[in-house]
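Chain by chain, the residues run as shown.
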Amino acid sequence: MEYLMLIGGLALLILSGNFLVSSASDIARQLKLSSLVIGLTIVAFGTSAPELLVSTSAALGGHPEITLGNVLGSNIANIGFIAGLTALLLPFFVTKKIITLDIKVMILLALFFAFFAMDGEFSRLEGFIVLLILVIYTIVLLRMSKGESEENEIEKPERSLWLNIPLLIASLAGLAFGSDWMVDGASTIASSLGVSERVISVTIVAVGTSLPEFTASIISILKKEVGITIGNLIGSNIFNIGAVLGISSIIQPIQFDFNVFLTDTLWMIGYSFLLLIGLLNVTRNFRLMRETGKVSALWSAQEGEVGRIWGATALILYIGYIVLLLL
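In short, a report on the structure.

About the cut-offs
Residues numbered from 1 in each chain as written. Predicted model: local features only at pLDDT ≥ 70, side-chain atom pairs only at ≥ 80, totals over all residues. Heavy atoms only, no water. Helix = DSSP H or I, 4+ residues; strand = E, 2+ residues; numbered from the N terminus. Buried < 20%, exposed > 50% of the residue type's maximum accessible area, 1.4 Å probe, protein only. Contact = heavy atoms within 4.5 Å. Areas by Shrake-Rupley, 256 points an atom, 1.4 Å probe, with all protein chains shown as cover. Core = buried A, V, L, I, M, F, W, Y, C linked by side-chain atoms within 4.5 Å. Axes fitted to C-alpha atoms, helices over the stretch in contact; angles between N-to-C directions. Parallel < 35°, antiparallel > 145°, perpendicular 65-115°, else oblique. Left-handed = near helix turned anticlockwise from the far one by under 90°. Nonpolar A, V, L, I, M, F, W, Y, C, P; charged D, E, K, R; others polar. Phe/Tyr/Trp six-rings, centres within 6.5 Å; stacked < 30°, edge-to-face > 60°.

Quick look at the overall build of the chain now. Scanning the chain for helices and strands turns up 13 helices and four strands. Here the chain, with 327 residues, has 49% of them falling under the buried criterion. Looking at the chain alone, contacts between residues at least 24 apart form 85% of all its contacts between residues at least 6 apart. A total accessible area of about 15300 Å² is found for the chain, and carbon and sulfur atoms account for 69% of it.

Glancing now at the side chain of S248. Positionally, S248 belongs in helix α10 (residues 229-251). For S248, the residues in contact, after removing those within four places along its chain, are S55, T56, A59, T67, A243 and I254.

This brings us to the nonpolar core. Judged by nonpolar contacts, the single largest core of 61 residues is most densely connected at F113, F122, I230, I234, L275, L279 and W310. Mapped by element, the contributors of at least two residues to this core are α2 (35-60), α3 (64-89), β1 (92-94), α4 (96-117), α5 (124-144), α10, α11 (258-280) and α13 (308-326). If one sorts the elements of this core by residue count, α4 sits on top with 13 residues. Setting aside its immediate chain neighbours within four residues, L279 contacts V94, I98, I99, I103, I230, I234 and V306. Listed in part, the eight residues of the second largest apolar core include L6, V54, I189 and I200.

The next point concerns the packing of α3 against helix α8 (residues 197-209). One way to put it is that α3 packs onto α8 with a least axis distance of 7 Å and a crossing angle of 50 degrees. Relative to α8, α3 is oriented oblique. With respect to the hand of their crossing, α3 and α8 are arranged in right-handed fashion. Within the contact between the two elements, α3 uses E65, I66, G69, N70, G73, S74 and A77 and α8 uses E197, R198, S201, V202, V205, A206, V207 and T209. Residues belonging to the contact of α3 with α8 are distributed by class as follows: six nonpolar, six polar and three charged.

Right, let's talk about the packing of aromatic side chains for a bit. Considering all chains together, one arrives at nine aromatic pairs under this definition. On the numbers, 5.4 Å between centres and 50 degrees between planes, the contact of F112 with F116 is tilted. With F112 and F116 both in helix α4 and four residues apart, this pair spans about one turn of that helix. With a centroid separation of 6.2 Å and an interplanar angle of 85 degrees, the aromatic rings of F256 and F261 are classed as edge-to-face. F256 gets classed as buried once you look at its relative accessible area, which sits at 13%. When its relative accessible area of 2% is taken as the criterion, F261 is described as buried. One aromatic cluster is present, formed by F81, W267, Y271, Y318 and Y321 through successive ring pairs.

What follows is the structure, given as structure tokens:
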């Protein structure tokens, strides 16, 4: 029964998340918002809604290991598994903005996570701080995109407002029920198998709630439009700490044993810097340093491509992480 709850909850989360994005985007178009603004806000929120609902439900239900494991596991999977597999199958192009802004905010929040976690509690104040960082980051993004969004045409909505509103409400209800089923199923499975909720949450739950990002990446590979993939994954990692952990701890302060999550925290930070190395294209920058004689060339932010070697490295490390976790 617990496996049915886990699978059913996951299916309901994915289905509800898709309808949430679809209906909310339609409503936004009826409010004359551009597709760029919709992508930066509604779609980013919608693809991370499963993590938000699962972590909030787990926090309220007294399962802090699922709350933190979901955030950490999703962030690790987004870079190690999804970004690694994407780069391995089809190297992707990165813009200068991703290197100069997005990746730095992601690393900043990862470091904040580690600092706040050291005392074994995420308080309401700490939740508010990471949420505030996310809000400021979103405002900066919207201001940066203002001129660009004005040039984009407003797409026509697919459905009427009277159909989208009940669809949006039903999607939110589906997310709520799906998250409850998934948390209950995961905690019961952990007890029956004699493993910790942390192991279940950083593997099954984390990968499951990251399926929207994985699906988007596979579709982008098939369409050979992987340029936006890394931006979506970085945005998801930022949202996971800023909103998922932030809102969860504001609603219910989270107490836990930091030693239990120390390894996962170090993996998340390590993957964040590994992604930065891939985005900076260290090989090119070393060559540039030799040519110019300037050490500053090592962290030169230029548009470029993240290749298969980086993808294979990230994927192999992720497999190693899962193996060590299960030993």
